[in-house]
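Structural description and commentary
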Amino acid sequence: ENIATNEQGKVDNNVTEDVNDTENKYENSAISLPIPPILEDTNPDPTVAEYTLTADYGTTEIIKGISTDTLGYNGNILGPTIRSKNGEKIIIHVNNNLEDSTTVHWHGLIVPGEMDGGPHQIIKEGESWSPEFVLEQPALTAWYHPHLMGETATQVYQGLGGLWIHDDDISASLGLPEQYGVDDIPVIVQDRAFYKDGSLYYNSNMMEGAVGNIIMINGAVAPYTEVPSSWIRLRLLNGSNAAQHEINFSDGRKFYQIASDGGLMEYPVEMSSIKLAPGERAEILVDLQSMAEADSVSLMVSNIKSLELISDGTSTNEYVLTDHLVDIEKWSTDDIVNERSFDLEGMAHMVSINGERFDMDSLSFTLSTDTLEKWTVSNVSGSSGGMGMMGGGTEHSFHVHGLQFQVISRDGTLPPEGERGWKDTVFLKPGETVEILVKFTLEGIFMYHCHNLEHEDAGMMGQFQVVE
Ligand code: C2O
Ligand code: CU
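Residues numbered from 1 in each chain as written. Chains lettered and ligands numbered in written order. Predicted model: local features only at pLDDT ≥ 70, side-chain atom pairs only at ≥ 80, totals over all residues.

Let's shift gears to the UniProt feature "domain: Plastocyanin-like" (unreviewed entry) in the chain. Taking the numbering used here, the UniProt-annotated feature "domain: Plastocyanin-like" (unreviewed entry) corresponds to residues 57-165 and 350-467. Annotation note: span residues 57-165, helix share 6%, strand share 37%, distance between end C-alpha atoms 25 Å. (UniProt positions renumbered as here; feature names shortened; annotations may be inferred. Helix = DSSP H or I, 4+ residues; strand = E, 2+ residues; numbered from the N terminus.)

Here you go:
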């Protein structure tokens, strides 16, 4: 068959050359990292930001010399970065130029249910949707993507998605690298597979969902970017459909995680590798001060050289690593007023949460604003006779709309340090149980679901209503 295999880094003979195997990408491929432009605020009122996003068809040279049909917002693939300030009013005009319905969900942003862009806020072909909201939440790296029931996976796979960077005064006061695209770099990680003619190969007939063998960073394969010899901040998003990715550096150097999904953490956490499930984000700082001009180090994604950082010898910030970033008010388990559990089960298209599949017309539960609940989330796939041929069950990730939550335990012990900040998506290996504390502040109907997009589209999702 004229297709890519679905194993990371391997392709069969009939497939486009695996560009990730190219040894010296700077000389040989020389694809510069695309930096998504910051979307222009068209409203002159300094307290109001107004944006336009248009979903449309495009073509992109993802693999050198070959053109691929893609989807994008305001461009050929992915979309611009939306940059908001805490407390300002935001109006977004979303136009749908696709020959299909779509929705746009603001993943990680705390907005009322009607503005959330989930499966209910359908934008039909040729129509528009203009949500308005005010963000009151700590600075974070969020993202936006389609959320149409049954078509989220294919729309994201074809290229729809973008970053949303939210700023506040606290984050701005920390002296962190903040020159967008220079020392503060967006890194959208996505795996894809391609036919030899360059068209996207979408294989959802896998236990774990659609997984590709080629890694794209911001829509490009194995790009390079010039960076100063300074501390560099990378805003990592795993925007893949189904695969979790292990991210580290080619020389094994240490780095510091400074933010989880929902914003800055209490202190930088030193690590040499970070794993992100689909939908998860992390901001990391890496010290490149000792790199001389033309020195380079590569960001590895699941052991594939995916982004080469080449020093230009300049210095752009005087950042000094500190042992404190921000204060996070930890919710107390003494204040829990209700508990619920969520059993994630199954694989491929046979997936469910608490034995149920998503039904657009039914609510799983109702809860009140400003009440603390403990949710126990378990990956029971593989445990109840589901081991089968694949053995061990399937990984899932649990995402909740409408808030940032706090993880209080993973398998009965304290979660790893990188999960002790604000989270909206949490990864579960087969058999794992995670306890999270939730407290909603805004009303509306919100989703909880597996962020493996093939699982989500197969119905591994539920909805609830938050009331006063
Ligand atoms: Cu990132 Cu319900 O989605
Ligand atoms: Cu899943």
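Another point: the domain arrangement of the chain. Taken domain by domain, the chain comprises domain 1 (31-167) and domain 2 (333-467). The C-alpha centroid of domain 2 is placed 25 Å from the C-alpha centroid of domain 1. The interface is formed by 18 residues belonging to domain 1 together with 18 residues belonging to domain 2. In the side of domain 1 that touches domain 2, the residues fall into eight nonpolar, seven polar and three charged. (Domains from an automatic or database assignment. Contact = placed C-beta atoms within 7 Å. Nonpolar A, V, L, I, M, F, W, Y, C, P; charged D, E, K, R; others polar.)

On to unusual backbone geometry. Glycine aside, residues mostly have negative phi angles, and peptide bonds mostly take the trans form. A positive phi angle, close to 45°, is found at Ser302, a residue other than glycine. Take Ser302: it is sitting in the loop between β21 (296-301) and β22 (304-311). Backbone geometry places Asn354, a non-glycine residue, at a positive phi of 50°. In this fold, Asn354 is placed in the loop between β24 (350-353) and β25 (365-368).

Sheet architecture is open: four strands sit in the order β3-β9-β8-β5, paired in mixed fashion. A single partner strand is all that each edge strand has here, and the edge strands are β3 (82-85) and β5 (105-107). Here the average twist between neighbouring strands, direction ignored, is 25°. With three bridges connecting them, β5 and strand β8 (residues 140-145) associate as antiparallel partners. Within the sheet, the bridge partner assigned to His107 lies in β8 and is Trp143. (Pairing = 2+ DSSP bridges. Axes fitted to C-alpha atoms, helices over the stretch in contact; angles between N-to-C directions.)

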